[in-house]
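Next come the chains, spelled out residue by residue.
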Amino acid sequence: MDDRELVRALKALADPTRFRMVQEVAAAGELSCGQIAEHFDVSQPTISHHLKILGDADILVRRSEGKHHFTSVNQALLKRLTELLPARLSPGAKREPRNRSPAGR
């Protein structure tokens, strides 16, 4: 996992609603979108927006069964995050080179 992917996952988890969604899904093991929505007092489009961000960051994985979609937590990715974060922030950790724009910022 490169720094960009790590930051993307951390940003997705930084939102309190999304963090709680991950907690709810993890506690249940797997939930449908409707079951996730039952835990929150927000609109269905807002739920879908949060689920998309979490899915794009690979924190949540989705499987389909007929017309139904079920969501679960990508435990392997979360385990990797817990291993990488301390290593990336420790003294002497190897850093990725900074991106520079063609203008030479």
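Everything in this summary refers to the structure shown in the same document. (Residues numbered from 1 in each chain as written. Predicted model: local features only at pLDDT ≥ 70, side-chain atom pairs only at ≥ 80, totals over all residues. Heavy atoms only, no water.)

Regarding a nonpolar patch on the surface
Together, Leu10, Leu85 and Leu89 make up an exposed nonpolar region whose accessible area comes to about 260 Å². Mapped onto the elements of the fold, Leu85 is located in helix H5 (residues 75-89). (Patch = residues over 30% accessible without salt bridge, like charges linked within 9 Å, V, L, I, M, F, W, Y side chains within 5 Å. Areas by Shrake-Rupley, 256 points an atom, 1.4 Å probe, with all protein chains shown as cover. Salt bridge = Lys/Arg side-chain N within 4 Å of Asp/Glu carboxyl O. Helix = DSSP H or I, 4+ residues; strand = E, 2+ residues; numbered from the N terminus.)

Some thoughts on the pairing of strand S2 (residues 60-65)
The pairing of S2 with strand S3 (residues 68-73) spans 6 bridges and is classified as antiparallel. Each residue of the ladder has a partner; that of Arg62, found in S3, is Thr71. What sits between the antiparallel neighbours S2 and S3 is a turn of 2 residues, in which Gly66 has the positive phi angle 65 degrees. (Pairing = 2+ DSSP bridges.)

Observations regarding the side chain of Asn74
Position of Asn74 among the secondary structure elements: in the loop between S3 and H5. Excluding residues within four positions of it along the chain, Asn74 makes contact with Asp58, Ile59, Leu60 and Val61. (Contact = heavy atoms within 4.5 Å.)

Section: the sheet that holds S3
Judged by pairing direction, the sheet is antiparallel, and its 3 strands sit side by side in the order S1-S3-S2 without closing on themselves. Of all the strands in the sheet, the pair left with one neighbour each is strand S1 (31-32) and S2.

Brief notes about helix H2 (residues 16-28)
Owing to its 3.6 residues per turn, the α-helix aligns residues three or four sequence positions apart on the same side. Here H2 spans 18 Å end to end across 13 residues, near enough to the 18 Å set by a 1.5 Å rise per residue. Looking only at H2, the buried set comprises Arg18, Met21, Val22 and Val25. Down the axis of H2, the sector holding all buried residues measures 95 degrees, keeping them to one side. Of the residues in H2, the exposed ones pointing more than 90 degrees away from the buried face are Pro16 and Ala27. Looking at the buried positions of H2, the neighbouring elements they touch are helix H1 (3-14), S1, helix H3 (33-37), helix H4 (44-56), S2 and S3. The backbone nitrogen of Thr17 lies 3.0 Å from a side-chain oxygen of the residue at the head of H2, namely Asp15. (Expected span 1.5 Å × (residues − 1). Buried < 20%, exposed > 50% of the residue type's maximum accessible area, 1.4 Å probe, protein only. Arc of directions from axis to C-beta. Polar contact = N/O pair within 3.5 Å; in protein donor to acceptor, adjacent residues only side chain to side chain.)

Structural notes on the nonpolar core
Residues Met21, Val22, Ile36, Ile47, Leu54, Ile59 and Leu60 are the most contacted members of the largest nonpolar core, which totals 20 residues. The set of elements that each furnish at least two residues to this core consists of H1, H2, H3, H4 and H5. Sorting elements by how many residues they give to this core places H1 first, with 4 residues. Residues in contact with Leu54, not counting those within four places in the same chain, are Ala12, Arg18, Met21, Val22, Ile59 and Leu60. (Core = buried A, V, L, I, M, F, W, Y, C linked by side-chain atoms within 4.5 Å.)

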